[in-house]
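Notes for the structure review
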Amino acid sequence: MAAPAVGFDLDMTLIDTRPGIAAAYRALTAVTGVYVDAELVVSRLGPLLRTELRNWFPPERLDEAVETYRSLYPEYAITRSRPLPGAAEALAEVRARGLRVVVVTGKYGPLARLHLDHLGMPVDDLVGELFAAEKATALTTHGAEVYVGDHVADMQAAQTAGIPGLGVTTGSHDGDELRAAGADLVLADLTGFPQALARVMRLAL
């Protein structure tokens, strides 16, 4: 039987993908001729790509925009992104406790995998293209007992899955917003994760 897992969001939880995503959106504007405010987009990361692109592209061009963005992403986004403080150590702490690492993200799975491989951040399972409560099924299926995320929707996912939510304020939501969304514990970043994990794991038992 598989060991229990700790679930993590990706963008702005483990990795600061804002510089790369902004570069990819600027390239998308250049290729398609449709203006996308890249800085605005990266200020509100979390929802699925298609959801964001609906703000900029008409319905008849949405599929084209998704395909073009994904084709540009490896060139423009991967090498510009960096681990957030404490991220690598957090993954190591999970493994040191005999637990598995599961990443459940709104990002397209193959692109999320490129990020993790490039930064040398091994995970046991990766599930992409899920947002908010949609993440709960993946968390449950993969045996996650805690979910770590930066977005209020991540706390909704944890609540829906019936597990503690550990919020980090490295994204666009502050501690009050994360707690209001159901976070059991909030950290400034993942440097405090080892101590926090012990606390939230006790909540899960």
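Going by the structure above, here's the rest.
Please read these numbers as outputs of a predicted model, since none were measured by experiment.

Considering the pattern of salt bridges
Pairing between side chains of opposite charge can happen when the charged atoms of each approach one another. Applying the stated rule across the entire model yields 13 salt bridges. Residue Arg18 is joined to Asp16 by a salt bridge in which the shortest nitrogen-to-oxygen separation is 3.0 Å. Overall, Asp16 belongs to the buried group, its relative accessible area being 17%.

Concerning the pairing of strand β6 (residues 144–149)
Of all the six residues making up β6, five are buried; the element is thus mostly covered by neighbouring parts of the structure. Summarising the sheet, strand β1 (residues 5–8) and β6 pair through four bridges and their orientation is parallel. From the neighbouring strand, Ala5 faces β6, where its bridge partner is Ala144. With three bridges connecting them, β6 and strand β7 (residues 165–168) associate as parallel partners. For Val148, the partnering residue across the bridge sits in β7 and is Leu166. Crossover handedness for the path β6 to helix α8 (residues 152–161) to β7: right-handed.

Focus: the packing of helix α4 (residues 62–76) against helix α6 (residues 109–118)
Packing of α4 against α6 brings their axes to within 11 Å, and their N-to-C directions diverge by 5°. Our classification of the angle between α4 and α6 gives roughly parallel. Along its contact with α4, which presents Arg70, Tyr73 and Pro74, the element α6 presents Leu111, Leu114 and His115. Residue composition of the contact of α4 with α6, by class: four nonpolar, one polar and one charged.

Focus: the layout of surface pockets
Over the atoms rolls a probe the size of a water molecule, and its path tells where empty space is left. Within this model, the largest pocket holds a volume of roughly 440 Å³. Together, 29 residues line the largest pocket, and Pro47, Leu48, Leu49, Gly106 and Lys107 are the ones closest to its centre. Residue assignment for the lining of the largest pocket shows that the elements contributing at least two residues are α1 (18–32), α3 (49–53) and α4. Sorting elements by how many residues they give to the lining of the largest pocket places α4 first, with four residues. Each residue belonging to the lining of the largest pocket can be placed in one class, and the counts come to 14 nonpolar, four polar and eleven charged.

Brief notes about the sheet that holds β1
Across the sheet, six strands lie side by side as β5-β4-β1-β6-β7-β8; this open sheet has parallel pairing. This sheet does not close on itself; its edge strands, each paired only once, are β5 (125–127) and β8 (185–187). Strand-to-strand twist of the sheet, defined as the mean angle between neighbouring strand axes without regard to direction, takes the value 20°. Of the pairings in the sheet, the one linking β1 to strand β4 (residues 100–104) comprises four bridges and is parallel in character. Paired with Gly7 across the two strands is Val102, which belongs to β4.

Side note on helix α5 (residues 87–96)
Because an α-helix completes one turn every 3.6 residues, residues spaced three or four positions apart along the sequence face the same direction. Restricting attention to buried positions, one finds in α5 the residues Ala87, Ala90, Leu91, Glu93 and Val94. For α5, the angular spread of the buried residues around the axis is 155°, confining them to a single face. Residues of α5 that are exposed and point over 90 degrees away from its buried face: Glu89 and Ala96. The positive-phi residue at the C-terminal boundary of α5 is Gly98, with phi of around 75°.

Looking at the side chain of Asp16
Turning to its location among the elements, Asp16 is positioned in strand β2 (residues 15–16). One polar contact links Asp16 to Arg18, side chain to side chain, over a distance of 3.0 Å. Apart from residues no more than four positions distant in its own chain, Asp16 is found in contact with Ser81, Arg82 and Leu84.

A short note on the nonpolar core
Ranked by internal contacts, the top residues of the largest apolar core, which has 28 residues, are Val6, Phe8, Leu14 and Phe193. Counting residues per element, the ones that place at least two in this core are β1, α5, β4, α6, β6, β7, β8 and α10 (193–204). Per-element tally for this core: the top contributor is α10, with five residues. Look past the residues within four positions of Leu14 in its chain and what remains in contact with it is Phe8, Asp9, Arg82, Pro83, Leu84, Ala87, Leu91, Val103, Met121 and Leu190. Among the nonpolar cores identified, the runner-up in size contains 25 residues, and Ile21, Tyr25, Phe57 and Tyr73 belong to it.

Conventions used here
- Residues numbered from 1 in each chain as written.
- Predicted model: local features only at pLDDT ≥ 70, side-chain atom pairs only at ≥ 80, totals over all residues.
- Heavy atoms only, no water.
- Salt bridge = Lys/Arg side-chain N within 4 Å of Asp/Glu carboxyl O.
- Buried < 20%, exposed > 50% of the residue type's maximum accessible area, 1.4 Å probe, protein only.
- Helix = DSSP H or I, 4+ residues; strand = E, 2+ residues; numbered from the N terminus.
- Pairing = 2+ DSSP bridges.
- Right-handed = clockwise from strand over helix to strand, strands pointing away.
- Axes fitted to C-alpha atoms, helices over the stretch in contact; angles between N-to-C directions.
- Parallel < 35°, antiparallel > 145°, perpendicular 65-115°, else oblique.
- Contact = heavy atoms within 4.5 Å.
- Nonpolar A, V, L, I, M, F, W, Y, C, P; charged D, E, K, R; others polar.
- 1 Å grid on protein atoms, 1.4 Å probe; cavity = no way out; pocket = protein on both sides within 12 Å on 5 of 7 lines; lining within 4 Å.
- Points joined across faces, edges and corners; volume = space filled by probe spheres on them.
- Arc of directions from axis to C-beta.
- Polar contact = N/O pair within 3.5 Å; in protein donor to acceptor, adjacent residues only side chain to side chain.
- Core = buried A, V, L, I, M, F, W, Y, C linked by side-chain atoms within 4.5 Å.

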